[in-house]
Amino acid sequence: MRSVALGTTDIQLSSIIMGTWQAGKSMWTGIDDGDSQRAVHAAMDAGITTFDTAEEYGKGHSERVLGKAIGNRRDRVKVLSKVFANHLAHDQVVAACERSLKNLGTDYLDLYQIHWPSGSFGTKPVPLEETMQALMALKEKGKIRAIGVSNFSLDQLQAASAIGPVETLQPPYSLFWRHVETNGTAAWCRQHQVTLLAYSPMAQGLLTGKFGPDHRFEKGDHRSGNRLFDPTVYPQVQKALAGLRPIADRKGISMAQLALAWVTAKPGPCAIAGVR
């Protein structure tokens, strides 16, 4: 497994990161805690050293499942978590971090990220300076090793970086979702040594090729609202997948491996692969 530097730090991440949104169960269907824990073990056995979670994933359930799965092997992995948009006031950030540490059964996080910008989902706006000051205080105390942001625009990322050290940006990025390339974000991150942690690199499963033209999600699965599954878009998605299959076949790899390789072959990004 190739390693990627976390921003300007000496922390090394695996180029493939296991994402654990599914382990939180909320907004997913058919998720079993035992399966989630076995998936963590399988990822570790395969050379994945880095795991991404968040307090919002099942209101801490994902963190607890991940912490239990890691157990006494904490020194072998890097753990990344996030504080949600409703906890961005100074004291709320500190309290959220403490909860995440307890859930994960650890005394530090390798990376702590602002999950969504202040004001997202109707949350109360908090000055970015206040949130960043709290994160820098947590770093000073050794509770976190590095600071990152998720779902930030380039302007928001630049504003945060002007206040304190931001080592990572976590955006959606895949063959089907390339906004960070077209809007200049990826180039800015390369220039300033901000590591891209690409989420949904398999387009929430679409790029695995397992969803056929007539696929319907179970009730409660949030992916049914993904624009790529819209009836006006989905036929074009299937056409694109048909063009990708011969490439995967020639390489002797799966469609999922092709999608992940497309992200990680570029200079800098890691790919966060959601795993059941």
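This text goes with the structure placed above it.
Every value quoted in this text rests on a predicted model; they were computed, and no experiment measured them. Residue positions within a chain follow its written sequence, with the count starting from 1. Local features in this predicted model are restricted to residues whose pLDDT is 70 or higher, and side-chain atom pairs enter the listing and the counts only when it is 80 or higher, whereas totals over whole chains, interfaces and linings include all residues. Just so you know, side-chain values use all the structure's heavy atoms and leave hydrogens and water out.

## A short note on helix α1 (residues 33–45)
Item 1. Secondary structure elements are taken from DSSP: a helix is a run of H or I of four residues or more, a strand is a run of E of two residues or more, and numbering for both begins at the N terminus. Residue count minus one, scaled by 1.5 Å, sets the expected span of a helix. Taking 1.5 Å per residue, 13 residues should reach 18 Å; α1 reaches 19 Å between its end C-alpha atoms and fits that length.
Item 2. Those residues of α1 not exposed but buried are Ser36, Gln37, Ala39, Val40, Ala43 and Met44. Seen from one end, α1 has its buried residues packed into an arc of 155°, which puts them on one side. Of the exposed residues in α1, the ones pointing more than 90 degrees away from its buried face are Arg38 and Asp45.
Item 3. In this analysis, two residues are considered to be in contact whenever any of their non-hydrogen atoms come within 4.5 Å of each other. Each element contacted by the buried residues of α1 is listed here: β3 (16–19), β4 (50–52) and α2 (61–70).
Item 4. Backbone geometry just after α1 places glycine 47 at a positive phi near 100°. Relative accessibility thresholds used throughout: buried, under 20% of the residue-type maximum; exposed, over 50%; partly exposed, between the two (1.4 Å probe, protein chains only). Within this analysis, the arc is defined by the directions that extend from the helix axis to the C-beta atoms.

## Regarding the sheet that holds strand β9 (residues 195–199)
Item 1. Spatial ordering of the closed barrel is given by β3-β4-β5-β6-β7-β8-β9-β10, a layout of 8 strands whose pairing is parallel. Strand-to-strand twist across the sheet, computed as the mean angle between neighbouring axes with direction ignored, equals 25°.
Item 2. Two strands are counted as paired when DSSP detects at least two bridges linking them. Where β4 and strand β5 (residues 78–83) come together, 3 bridges link them in parallel fashion. Paired with phenylalanine 51 across the bridge in β5 is valine 79.
Item 3. Each axis is a line fitted through C-alpha atoms, and for a helix only the stretch in contact is used; angles between axes span 0 to 180 degrees, taken between their N-to-C directions. Together, β3 and β4 form the strand contacts of α1, whose direction differs from that of β3 by roughly 170°.

## What about the nonpolar core?
Item 1. Only buried Ala, Val, Leu, Ile, Met, Phe, Trp, Tyr and Cys residues count toward a nonpolar core, and they belong to the same one when joined by side-chain atoms within 4.5 Å. Membership of the largest hydrophobic core comes to 67 residues, with the highest contact counts inside it found for Phe51 and Tyr112.
Item 2. A total of 6 residues in this core trace back to one element, the largest contributor, which is helix α9 (residues 255–264).
Item 3. Listed in part, the 11 residues of the second largest apolar core include Ile11, Ile17, Ala146 and Cys270.

## As for the pairing of β3
Item 1. Side-chain alternation along β3 places Ile16 and Met18 on one buried face and Ile17 and Gly19 on a second face that is also buried.
Item 2. Bridge count for β3 against strand β10 (residues 270–274) is 4 bridges, and the pairing is parallel. Residue isoleucine 17 lies in a different strand from β10, and its bridge partner there is isoleucine 272.
Item 3. One ladder, built from 2 bridges, connects β3 with β4; its direction is parallel. Its bridge partner lying in β4, methionine 18 is registered against phenylalanine 51.
Item 4. Think of it like this: strands point away, you trace from the first strand over the helix to the second, and a clockwise trace means the crossover is right-handed. Once you follow β3 into α1 and on to β4, the crossover reads as right-handed.

## So, the layout of surface pockets
Item 1. Its volume calculated, the largest pocket comes out at about 920 Å³.
Item 2. Residues are said to line a cavity or pocket when one of their atoms sits within 4 Å of a point; the points come from a 1 Å grid over protein atoms alone, cavities being sets where a 1.4 Å probe fits but cannot get out and pockets being open sets with protein on both sides within 12 Å along at least five of seven lines. Along the wall of the largest pocket there are 37 residues; nearest its centre are Trp21, Gln22, Trp28, Ser200 and Gln204.
Item 3. Those elements that provide at least two residues to the lining of the largest pocket are β3, α9 and β10.
Item 4. Its residues placed into classes, the lining of the largest pocket shows 16 nonpolar, 15 polar and 6 charged. Grid points are joined across faces, edges and corners, and a volume is the space filled by probe spheres set on the points. By the convention adopted, Pro, Cys, Tyr, Trp, Phe, Met, Ile, Leu, Val and Ala count as nonpolar, Lys, Arg, Asp and Glu as charged, and the other residues, Gly among them, as polar.

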